[in-house]
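Notes for the structure review
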Amino acid sequence: MEYRKFGDAFVVRIDKGEEIVAQVLELAKREHIALASVQALGAVNRFTAGVFDTQKKQFEGHTFEGCFEIVSLTGTLTTKEGKPYCHLHMSAGDEQGHVFGGHLNEAFVSATCEMVVLPMAGQVERAFDEETGLNLFRFL
């Protein structure tokens with residue numbers, strides 16, 4: 001991963017073989033980012049994404065392997081127990097134009113990933129919510 005800061009924004013290049021979620025968390029740690037918006041595009045060869053089953057209160061993930069273009073990657077950086085917490089969603093298309101996606105658990109870059117991280121003043125902490133089974137925003 002390589003990045004530069006322009007004004008308040010970070011422009012990030014995540015390189016072949018690197019895992020996207022881990023690199024976003026690393027950036028947040030290095031730059032002390034407590035709250036940000038994330039958007040990206042690029043190419044991946046393996047990713048795990050899915051949906052949260054609200055009845056079972058568990059994540060149902062699917063792993064996809066092959067050649068995929070990131071159609072959209074968007075999300076937030078917040079904190080949980082004072083540490084960076086990433087909540088990303090991604091959709092990616094295969095060579096036939098079929099698109100798969102959902103909540104992103106991991107994604108491995110096959111060529112490059114171009115990302116913009118827009119920090120904001122303030123901090124939003126995550127806290128586990130028994131009713132939903134999710135880590136929800138807790139405004140400080």
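Going by the structure above, here's the rest.
Residues numbered from 1 in each chain as written. Predicted model: local features only at pLDDT ≥ 70, side-chain atom pairs only at ≥ 80, totals over all residues. Heavy atoms only, no water.

1. Thoughts on helix 1 (residues 20-31)
Heads up, the condition is: Strands are runs of DSSP state E lasting at least 2 residues, helices are runs of H or I lasting at least 4, and numbering of each runs from the N terminus. In this scheme, a helix's expected span is set at 1.5 Å multiplied by one less than its residue total. The buried label applies to any residue whose accessible area, calculated with a 1.4 Å probe on protein chains only, is under 20% of its type's maximum; exposed applies above 50%, and partly exposed to all values in between. As used here, the arc belongs to the directions running from the helix axis to the C-beta atoms. Any two residues having at least one pair of non-hydrogen atoms within 4.5 Å are treated as being in contact. Under the rule applied, a polar contact is a pair of N or O atoms within 3.5 Å (in protein, one hydrogen donor and one hydrogen acceptor; residues adjacent in sequence only if both atoms are side-chain atoms).
For helix 1, with 12 residues, the first-to-last C-alpha span of 17 Å sits near the 16 Å given by 1.5 Å per residue. Taken residue by residue, helix 1 has Ile20, Val21, Gln23, Val24, Leu27 and Ala28 as its buried positions. For helix 1, the angular spread of the buried residues around the axis is 165 degrees, confining them to a single face. Check the buried side of helix 1 and you find it contacts strand 1 (2-6), strand 2 (9-15), strand 3 (36-53), strand 4 (58-80), strand 5 (83-93) and strand 6 (99-119). Put simply, Glu19 is the residue that caps the front of helix 1, since its side-chain oxygen is 3.1 Å from the backbone nitrogen of Val21.

2. Some details on the packing of aromatic side chains
Threshold: Pairing of aromatic side chains requires ring centres within 6.5 Å, counting the rings of Phe and Tyr and the six-membered ring of Trp. Pairs whose planes differ by under 30 degrees are stacked, by over 60 edge-to-face, and all others tilted.
Under the defined criterion, the tally for this structure stands at seven aromatic pairs. With centroids separated by 5.9 Å and ring planes inclined at 70 degrees, the aromatic side chains of Tyr3 and Phe10 adopt a geometry described as edge-to-face. Assigned by exposure class, Tyr3 and Phe10 land together as buried. Aromatic pair Phe47 and Phe68: ring centres 5.2 Å apart, planes at 90 degrees, arrangement edge-to-face. In this pair, Phe47 sits in strand 3 while Phe68 sits in strand 4, placing the two residues 21 residues apart along the sequence. Looking at Phe47, the relative accessible area reads 0%, which means it is buried. Grouped by ring-pair contacts, the aromatic residues Phe47, Phe64, Phe68 and Phe100 constitute a single cluster.

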